[in-house]
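# Geometric and topological summary
One letter stands for each residue in the lines below.
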Amino acid sequence: MASSSISAGCRLTRLVLDRSSSVSRSVFSLIPSSLRSYSASPEESKDAPGETEAEKKLKSELEKASAESQALSEKVAELDDKYKRLLADRENLRNRLTKQIEDAKIFGIQSFCKDLLEVADILGKATESVPKEEVKDNNPHLKNLYEGLTMTEAQLLKVFTRHGLLQVNPLNEKFDPNLHEALFEQEVQGKEPGSVVVVSKVGYKLHERCIRPALVGVAKG
């Protein structure tokens, strides 16, 4: 009787153990494979790496992608800077070419004007050399010659003005080194030091550009 009870207890114990083992296997099968490396053994858990191979590979790829993204960002910034510099250079070149074209239109006659200045100087000297007291009706030839020279000089100056060529006659004005050339200095009573007291030869400027400075004498301080 007792033997039968022990046998029955053994069979019951074995059944319980089998059931427990089956449940354990079922639960273990439900655990993802990526987590099965963490065993219940404290020693094995302690020695297991913190990341799986897949996670390490993914992290490596992310780092590589981040480095490539940084390199591309730097390249884009460099190209953007070069593009802006190129645009600025092209704009500066366009402005310079436009200015050169405009200057060529305005100052293209500069050499021609310089040659005509000699003609204007000769006409001026001719009219100045004629004694004013001799220009009378009883001397018609001299009078007609003088009037002809005066009219020619006036007409030439009108042509100069029409094309932007202006006389520079700075008598009693402040000396300007950009427009005047000082030949000498002298003390003159009642004149401010640095002012022009004598104009030996008038100057000319073409559209605010001096093409011949006036030759002057300056009051000495």
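Worth saying up front: this structure is predicted, and the values here are computed from it rather than measured.

What follows is about the sheet that holds strand 2 (residues 180-186). With mixed pairing, 3 strands are arranged side by side in an open sheet as 2-6-3. Taken across any chain shown, the strands that pair with only one partner, and hence form the sheet edges, are strand 2 and strand 3 (196-201). For this sheet, the mean angle separating the axes of adjacent strands, direction not counted, is 30°. As judged from the 6 bridges shared by strand 2 and strand 6 (residues 214-219), these two strands associate in the parallel manner. Following the sheet pairing, Q186 is matched in strand 6 by A219.

This part is about the side chain of Q110. Assignment of secondary structure puts Q110 in helix 4 (residues 110-129). Exposure remark for Q110: the relative accessible area of 17% places this residue in the buried category. Ignoring sequence-local partners within four residues, the contact set of Q110 consists of L206, R209 and I211.

Attention now moves to the nonpolar core. If you look at the biggest cluster of nonpolar residues, it comprises 13 residues, and the most contacted ones within it are L117, F160, L165, Y204 and I211. Those elements giving two or more residues to this core turn out to be helix 4, helix 5 (140-162) and strand 4 (203-206). In terms of residue count, the dominant contributor to this core is helix 4 (4 residues). In this structure L117 touches F160, L165, Y204, I211 and R212, once residues within four positions along its chain are discounted. Residues V168, V196, A214 and V218 belong to the second largest nonpolar core, which totals 6 residues.

Rules and cut-offs
Residues numbered from 1 in each chain as written. Predicted model: local features only at pLDDT ≥ 70, side-chain atom pairs only at ≥ 80, totals over all residues. Heavy atoms only, no water. Pairing = 2+ DSSP bridges. Helix = DSSP H or I, 4+ residues; strand = E, 2+ residues; numbered from the N terminus. Axes fitted to C-alpha atoms, helices over the stretch in contact; angles between N-to-C directions. Buried < 20%, exposed > 50% of the residue type's maximum accessible area, 1.4 Å probe, protein only. Contact = heavy atoms within 4.5 Å. Core = buried A, V, L, I, M, F, W, Y, C linked by side-chain atoms within 4.5 Å.

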